[in-house]
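Inside the fold
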Amino acid sequence: YEVFVLPGFRERTFTGEAGRLRPSIVVDQDNASYESDKEQSHIDYAFRWSHVIDVVDIGLSYFNGTDRNPVLTPSVDGNASLVLSPYYRQIQQYGMDLQATIEDWAWKMETIAVLPDSDSDYFASVAGFEYTLVGLAGSSTDLGLIVEYQYDQRDADTASLQQNDIVVGTRWVLNDAESTEILLIGGTDLDDNSVLMSVEAQHRLTDNWSMSVEARYFGNAEQGDPTYDLRNDSYARVELTGYF
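The following paragraphs examine the structure supplied in this document. What you see is a predicted model; the values in this text were computed from it and never measured. (Residues numbered from 1 in each chain as written. Predicted model: local features only at pLDDT ≥ 70, side-chain atom pairs only at ≥ 80, totals over all residues. Heavy atoms only, no water.)

Description of the sheet that holds strand β10 (residues 142-152)
Spatially, 12 strands are ordered β1-β3-β4-β7-β8-β9-β10-β11-β12-β13-β14-β15 in an open sheet, and the strand pairing comes out antiparallel. Here the strands that pair on one side only, and so sit at the sheet edges, are β1 (2-6) and β15 (235-242). For this sheet the average axis-to-axis angle between neighbouring strands, irrespective of direction, equals 10°. Bridge count for strand β3 (residues 44-53) against strand β4 (residues 56-66) is 9 bridges, and the pairing is antiparallel. In the sheet register, Phe47 faces β4, and the bridge partner there is Tyr62. (Pairing = 2+ DSSP bridges. Helix = DSSP H or I, 4+ residues; strand = E, 2+ residues; numbered from the N terminus. Axes fitted to C-alpha atoms, helices over the stretch in contact; angles between N-to-C directions.)

Details of the sheet that holds strand β2 (residues 33-34)
Ordered by their spatial adjacency, 3 strands build an open sheet running β2-β6-β5, and the pairing between neighbours is mixed. The sheet terminates laterally at β2 and β5 (71-76), the two strands that pair on one side only. Bridging between β2 and strand β6 (residues 82-88) involves 2 bridges; their strand directions are parallel. Looking at β6, one finds that Tyr34 is bridged to Tyr88.

Observations concerning the environment of Gly59
Here Gly59 is to be found in strand β4. As for Gly59 and Leu98, which are separated by 39 residues in sequence, their C-alpha atoms are 6.5 Å apart. With residues near it in sequence (within four places) discarded, Gly59 still touches Arg48, Trp49, Ser50, Gly95, Met96 and Asp97. (Contact = heavy atoms within 4.5 Å.)

Looking at the pattern of salt bridges
Applying the stated criterion across every chain, the model contains 9 salt bridges. Two residues, Glu181 and Arg171, come together in a salt bridge whose shortest N-O distance is 3.8 Å. Taken as a pair, Glu181 in strand β12 (residues 181-189) and Arg171 in strand β11 (residues 164-173) lie far apart in primary sequence, 10 residues in all. Between Arg216 and Glu200 there is a salt bridge, and its shortest N-O distance comes to 3.0 Å. Taken as a pair, Arg216 in strand β14 (residues 209-219) and Glu200 in strand β13 (residues 195-204) lie far apart in primary sequence, 16 residues in all. What you see here is one network of salt bridges that share partners, running through Glu200, Glu214, Arg216 and Arg237. (Salt bridge = Lys/Arg side-chain N within 4 Å of Asp/Glu carboxyl O.)

Looking at the nonpolar core
Phe9, Phe14, Val27, Tyr34, Leu84 and Tyr88 together form the largest nonpolar core, which totals 6 residues. Leave out the neighbours within four places in its chain, and Val27 touches Phe14, Leu72, Leu84 and Pro86. Core analysis: the next-biggest nonpolar cluster, separate from the first, contains 5 residues, Phe63, Ile91, Val114 and Tyr122 among them. (Core = buried A, V, L, I, M, F, W, Y, C linked by side-chain atoms within 4.5 Å. Buried < 20%, exposed > 50% of the residue type's maximum accessible area, 1.4 Å probe, protein only.)

These values are about where atoms sit, not about what they do.
In structure tokens form, the structure reads like this:
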């Protein structure tokens, strides 16, 4: 069992006008409001129970307190510009996660149900599997094949980008001295056919330096789609990290 008491709360930081990724309307994080009159001093609590039954790992969780994902409501700032203002509700969140590891198969599911004190209850879940080809073609490398289905009841909420999506991908682990690993993911929305593609890679160059690569592509989104605001925000990033 794990029990958490959270006596303080820090508001979420949103990307500014010149930043990415962000909605087309800027979030005015200086104009936040709360359902609780205690605001950031509200005492939240949570617990998690986990257990192993044969090949199945199971976890149950519960949270009661200030929602870490605020509702963004349209408002007008001091310059008469349209902005989004964060509203932090009080919620109860129930969660369950399952993983069954059967030989080279890993079957996974994560589910949450969020019950605000006011309204707008919602349910979200992701489920799928990863099958690993160990020692691919007689080599020391492993190749994982990933398939997931992502569902979120908030299908009209721009905060929910994966509300009815199929995701496929592959994870290539070289098992070499340089800890080389590449993850390729592609997903499509079954409602609007928008596309998200992702590449992540890491490689240790020397004993003191490592390199990582990250790229995201957002495409085929029409106006009104949750990813429409990201249509021009595809990017690639290369990061070098030194250890001293």
